[in-house]
Amino acid sequence: MKRKGGGAATSPAAAAQESKKRTQPGGLLAASSPSDDDTSAAATAFRERAVFKVAILSRVLMLLIATFLGEMFSDFDDSTASSSSSSAALPTKLDGIVETSVGHLAKWDGVYFVDIAQHGYRFEHFHAFFPALPLAISFLNRTFLKVLWVKGFASEYNSAVMAGVFVTNAFFVLSAVELYRLSRLVVKKEIFATKTVLLYCLTPANIFMTAISAGNPRSHSLALASPALPPSLSPIALRRRFPQAALTFLAVWLGTALRCAVVVAPLVGYLTWSYLRYCSPTNPTRGQHEWCDAAVPNIYAYVQAKYWNVGFLNYYEPHQIPNFLLASPIVFLSAWGIFSFLRHFSLFTTSSSSSSSSSSSSSTTPSSSPPTSSSSSSSSTSMPTEPYLEAEMVPFVGYWAVLLVVGVLFMHVQVITRFLSACPALYWFCANFYDGTGDVSSTTTKPKNESEAAKEERRRKRRRSRKVRSWMQYLIAFYFLAYTLIGALLFCNFYPWT
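Residues numbered from 1 in each chain as written. Predicted model: local features only at pLDDT ≥ 70, side-chain atom pairs only at ≥ 80, totals over all residues. Heavy atoms only, no water.

**Looking at a nonpolar patch on the surface**
Defined as follows: Patch construction takes residues with relative accessible area above 30% that form no salt bridge. Like charges are linked within 9 Å, and nonpolar side chains (Val, Leu, Ile, Met, Phe, Trp, Tyr) are linked within 5 Å. The Shrake-Rupley method, run with a 1.4 Å probe sphere, supplies the accessible areas, and residue values consider only the shown protein chains as cover. Salt bridge criterion: a side-chain nitrogen from Lys or Arg within 4 Å of a carboxyl oxygen from Asp or Glu. Where helices and strands are cited, they refer to DSSP runs of H or I of at least four residues and of E of at least two residues respectively, numbered from the N terminus. For every residue, the accessible area (1.4 Å probe, protein chains only) is compared with the maximum for its type, and the residue is labelled buried under 20%, exposed over 50%, or partly exposed between those bounds.
Where nonpolar side chains cluster on the molecular surface, the patch consists of Phe52, Ile56, Leu57, Val60, Leu61 and Leu64 and spans about 540 Å² of accessible area. Residue placement: phenylalanine 52 occurs in helix α3 (residues 41-72). Of the residues examined, phenylalanine 52 reaches a relative accessible area of 39% and is grouped as partly exposed.

**Regarding the UniProt feature "transmembrane region" (unreviewed entry) in the chain**
The cut-off we apply is this: UniProt positions are given in the numbering used here, feature names are shortened, and annotations may be inferred rather than shown by experiment.
Here, the residues flagged by UniProt with the feature "transmembrane region" (unreviewed entry) are residues 50-69, 160-180, 192-214, 250-273, 324-342, 393-411 and 471-497. Taken end to end, residues 50-69 is 100% helix and 0% strand, and its first and last C-alpha atoms sit 29 Å apart.

**Concerning the pattern of salt bridges**
In this structure the tally under the stated criterion is ten salt bridges. Note that arginine 142 is salt-bridged to glutamate 156, the shortest N-O span being 3.6 Å. In this pair, arginine 142 sits in the loop between α7 (132-141) and α8 (146-150) while glutamate 156 sits in helix α9 (residues 156-187), placing the two residues 14 residues apart along the sequence. By relative accessible area, arginine 142 is classed as partly exposed at 37%. Classification of glutamate 156 as partly exposed rests on a relative accessible area of 24%. Salt bridges sharing common partners tie together Arg47, Arg184 and Glu190.

**Quick word on the state of the cysteines**
Our working definition: Disulfide assignment relies on a single distance test, namely cysteine sulfur atoms paired within 2.5 Å.
Within the structure shown, the criterion is met by one disulfide. Between the sulfur atoms of cysteine 279 and its disulfide partner cysteine 292 the distance amounts to 1.8 Å. Looking down the S-S bond of the cysteine 279 and cysteine 292 bridge, the torsion is -75 degrees, so its handedness is left-handed. In this pair, cysteine 279 is assigned in the loop between α14 (242-278) and α15 (299-308) and cysteine 292 in the loop between α14 and α15, connecting sequence segments 13 residues apart. A residue is classified by how much of its surface remains accessible, and cysteine 279, at 2% relative accessible area, is buried. According to the relative accessible area criterion, cysteine 292 is buried, its value standing at 4%.

**Points about the packing of helix α10 (residues 190-201) against helix α20 (residues 424-433)**
Put simply, the rule reads: For helices, the axis comes from a line fit to the C-alpha atoms of the stretch in contact; other axes are also lines fit to C-alpha atoms, and the angle between any two N-to-C directions lies between 0 and 180 degrees. Roughly parallel means an angle under 35 degrees; roughly antiparallel, over 145; roughly perpendicular, 65 to 115; everything else is oblique. Less than a right angle of anticlockwise turn of the near helix away from the far helix marks a crossing as left-handed, whereas a clockwise turn marks it as right-handed. Contacts between residues were defined by any pair of non-hydrogen atoms, one from each residue, lying within 4.5 Å.
Look at α10 against α20: their axes get within 9 Å of each other, and the N-to-C directions meet at 115 degrees. By the angle class used here, α10 and α20 are roughly perpendicular. Crossing of α10 over α20 shows right-handed handedness. Packed against α10, whose contacting residues are Phe192, Lys195, Thr196, Leu199 and Tyr200, the element α20 presents Tyr427, Trp428, Cys430, Ala431 and Asn432 at the interface.

**Quick notes on the environment of tryptophan 308**
You can see tryptophan 308 is positioned in helix α15. For tryptophan 308, a relative accessible area of 26% gives the class partly exposed. Taking the C-alpha atoms as reference, tryptophan 308 lies 9.2 Å from alanine 128; in sequence the two are 180 residues apart. Leaving out residues up to four positions away in the same chain, tryptophan 308 has contacts with His125, Ala128, Phe129, Val303 and His412.

**Re the packing of aromatic side chains**
Keep this limit in mind: Each Phe, Tyr or Trp ring, with Trp reduced to its six-membered ring, pairs with another whose centre is within 6.5 Å; inter-plane angles below 30 degrees give stacked pairs, above 60 give edge-to-face pairs, and intermediate values give tilted ones. By the criterion adopted, a ring carries a charge over it if an Arg CZ or a Lys NZ lies within 6 Å of its centre and within 35 degrees of its normal.
Going through the model one piece at a time under the given rule, you end up with 30 aromatic pairs. Every member of this aromatic cluster is reached through a ring pair, and the members are Tyr112, Phe113, Phe123, Phe126, Phe129, Tyr307 and Trp308. Here the guanidinium or amino end of arginine 59 rests over the ring plane of phenylalanine 172, the centre of that ring lying 3.8 Å away. Against the face of phenylalanine 208 rests arginine 418, its NZ or CZ located 4.9 Å from the ring centre.

Written out as structure tokens, the structure reads:
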């Protein structure tokens with residue numbers, strides 16, 4: 001039966017069923033949210049807005065946790081913070097609110113960033129802190145928030161603290177959206193990209209993503225700069241004739257070089273500005289700065305080595321064992337993820353080369369009968385279904401490996417948690433355990449004509465893989481949440497947690 005307008009009539013039973021579906025929990029959300037297969041611009045915008053909201057919610061929760069834990073206990077050592085804010089006039093009511101709510105987030109590196117935003121690089125050792133975050137804090141504090149300290153509603157220091165907390169948390173929200181976009185671009189799986197962002201919002205370096213720290217600007221810049229890493233050349237391009245392949249090679253690597261130059265340019269500019277400031281021939285204090293006469297003058301490397309004893313194996317001392325234990329979870333996860341990736345691709349390359357060599361030798365040998373489908377498929381090698389083991393991950397895992405080596409061998413090892421927490425591959429590796437497609441060491445290859453013993457061995461490995469994945473889901477969640485809470489408790493009360 002048709003309506004006058006030509007639409008199909010809805011029976012009362014169907015209408016009741018639809019009404020029941022919409023009144024069930026999640027019914028409206030399911031009706032309004034796009035499906036995982038929907039790649040339209042509207043669906044993508046909807047998901048990005050959801051990621052944006054989740055990231056904001058995670059920052060609000062972290063601010064509440066930091067405020068609660070910061071007020072519960074007294075600071076272990078607040079001499080640096082006190083000296084930075086001692087120039088303030090009589091505290092106002094707004095000063096008290098700021099110090100109670102977000103003042104706990106201006107600890108450790110945050111003290112330096114706020115001071116640089118207010119007064120510039122007053123001392124040589126301040127150059128261990130890059131200027132991007134202080135510039136953003138200074139801009140916000142001297143434009144939109146200027147009325148607060150000019151009119152006496154709050155001190156300039158507390159106004160700068162508010163600006164710093166806003167900037168770092170805004171950068172985190174932006175980095176979450178960028179990580180979501182990057183995950184969709186690289187992995188091409190909507191659910192996997194969503195789980196990656198959720199893990200990022202629960203990062204073990206959560207307190208550094210909320211406090212005034214360089215972690216958030218670095219996370220955002222890394223998410224933007226990651227595509228600048230060298231991409232793998234397409235096999236189709238390599239199969240072209242020589243002139244076309246050469247042009248493709250040059251175009252890819254010239255583009256990569258330009259993108260890397262854009263990423264490195266701010267660092268070069270900062271080092272050049274520092275050299276001109278301290279090492280100019282007209283500077284009367286030039287002789288006081290010994291780094292000016294180095295073969296490659298680098299104030300950042302000099303300050304890190306002189307004031308923080310950063311260098312190759314400098315941190316390998318017996319009394320630093322607790323800091324190595326503190327960094328051990330992120331080091332273990334990173335090493336596992338990197339070696340799993342390398343192991344898989346070494347096995348895949350070996351099996352692919354042996355398969356291609358055997359097929360080429362068989363093609364040159366006359367045969368009275370064509371090869372059967374079973375024999376050809378038994379020698380075939382297929383890529384895994386695990387998103388983390390896709391070939392597109394090569395530059396990101398390589399970058400992750402470089403960060404791990406630098407962090408373990410050269411840096412203060414306790415900062416490696418926040419150092420590696422800006423690496424996208426870390427969250428892709430962890431998200432793979434929640435993806436449900438198998439362990440990162442398993443493949444989709446199913447040899448035909450295998451014996452019963454081989455089948456049983458494969459089933460045993462699959463059961464073991466599922467058990468490992470189940471345990472890792474709990475361990476990763478526990479690690480992320482425990483470091484979030486412990487880090488907030490220690491950092492906000494000026495206890496060692498850097």
